[in-house]
Amino acid sequence: QGPPRAGSTTLANMLANGSKKRGYFVVRASPESSRPLSSVTAMVCQVLGLTPEERFTRLDAALEKRNVPAPLREATLAVAGVRAWTSPPSPGQAAHVLRALVRNAAGDNPVVVIFHALPQMDMASFETFVAMAARPASRELVVGFSSPSDRDDLLKDLQQVSLPALELADVSRLAAGALRGT
């Protein structure tokens, strides 16, 4: 967590690029819209090579092509807002969907999941980040970038690193250190 305009976008980009160079599977999202789970939907679509706008016409076929089991396929369609459930998917359900799809796409590669600009994300995507970060999976690094906000109390139980305004050398050092830990 750091002050606004402190270099988190640069750090997120460097973390993503450095991870990819090391053979990690990277998925990332920034705030998309106020629609519940819009940032998670963007990551689901990213994993499947779709744009969020294509989810209504191509998501089901993309899931079937990847041999995603029917229950996970239905849950993914609900998380993406393509199919309605009687109640919206919980943060835990959305986290499970995202992890399962990322693991399917990543194979044996380690995974880096980046949530950028947490305070501006829709609340359901924010809560999905919290669910994932609170219960890390093997060979997975979940990183969220945040500036001070009214949501800080929801992050208090998560491991945090305070970021002052950063110079490029600081960003490089922090990104390299984060990648060594996965």
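Predicted model only: the values in this text are computed from it and were never measured. (Residues numbered from 1 in each chain as written. Predicted model: local features only at pLDDT ≥ 70, side-chain atom pairs only at ≥ 80, totals over all residues. Heavy atoms only, no water.)

(A) Local environment of the overall build of the protein chain. Assigned secondary structure in the protein chain consists of 8 helices and 3 strands. Along the chain direction, N to C, the helices and strands of the protein chain fall in the order α-β-α-α-α-α-β-α-β-α-α. In terms of C-alpha radius of gyration, the protein chain reaches 16 Å, essentially the compact-globule figure of 16 Å for 182 residues. For the protein chain, the C-alpha atoms occupy an extent of roughly 45 × 35 × 25 Å along the three principal directions. Taking all 182 residues of the protein chain together, the buried fraction comes to 44%. (Helix = DSSP H or I, 4+ residues; strand = E, 2+ residues; numbered from the N terminus. Rg over C-alpha atoms; globule rule 2.2 N^0.38 Å. Buried < 20%, exposed > 50% of the residue type's maximum accessible area, 1.4 Å probe, protein only.)

(B) Expanded view of the packing of aromatic side chains. Inspection of the entire model under this criterion finds 1 aromatic pair. Above the plane of the ring of Phe126 lies Arg151, whose end atom (NZ or CZ) is 4.8 Å from the centre. (Phe/Tyr/Trp six-rings, centres within 6.5 Å; stacked < 30°, edge-to-face > 60°. Lys NZ or Arg CZ within 6 Å of the ring centre and 35° of its normal.)

(C) Representation of the sheet that holds strand S3 (residues 140-144) in the model. Read from one edge to the other, the open sheet built from 3 strands follows the order S1-S2-S3, with strand pairing classed as parallel. This sheet does not close on itself; its edge strands, each paired only once, are strand S1 (25-29) and S3. The sheet shows a mean angle of 10° between the axes of neighbouring strands, taken without regard to direction. Sheet analysis places S1 next to strand S2 (residues 111-115), joined by 5 bridges and oriented parallel. Opposite Ala29, over in S2, you have Phe115 as the bridge partner. Strands in contact with helix H2 (residues 38-48) are S1 and S2; relative to S1, the strand with the most contacts, it is inclined by about 145°. Helix H6 (residues 123-134) rests against S2 and S3 of the sheet, and its axis sits at about 140° to S3. (Pairing = 2+ DSSP bridges. Axes fitted to C-alpha atoms, helices over the stretch in contact; angles between N-to-C directions. Contact = heavy atoms within 4.5 Å.)

(D) Up close: the environment of Gly49. Along the chain, the position of Gly49 falls in the loop between H2 and helix H3 (55-65). We classify Gly49 as exposed; its relative accessible area is 60%. The sequence separation of Gly49 and Leu59 amounts to 10 residues, and the corresponding C-alpha distance is 9.6 Å.

(E) Just the pairing of S2, in detail. Of all the 5 residues making up S2, 5 are buried; the element is thus mostly covered by neighbouring parts of the structure. In this sheet, S3 lies alongside S2 in parallel orientation, the contact comprising 5 bridges. Across the sheet, residue Val113 finds its bridge partner in S3, namely Val142. With H6 bridging S2 and its parallel neighbour S3, the resulting β-α-β unit is right-handed. (Right-handed = clockwise from strand over helix to strand, strands pointing away.)

(F) Up close: the packing of H3 against helix H4 (residues 70-79). The interhelical angle for the contact between H3 and H4, taken along N-to-C directions, is 150°, at an axis separation of 10 Å. As summarised for this structure, H3 and H4 are arranged roughly antiparallel, according to the angle between their axes. Of the two elements, H3 crosses H4, and the hand of that crossing is right-handed. Together, Leu59, Asp60, Leu63 and Glu64 of H3 and Arg73, Thr76 and Leu77 of H4 make up the contact between the two elements. For the contact of H3 with H4, a count of residues per class yields 3 nonpolar, 1 polar and 3 charged. (Parallel < 35°, antiparallel > 145°, perpendicular 65-115°, else oblique. Left-handed = near helix turned anticlockwise from the far one by under 90°. Nonpolar A, V, L, I, M, F, W, Y, C, P; charged D, E, K, R; others polar.)

Read these as geometric descriptors, not functional statements.
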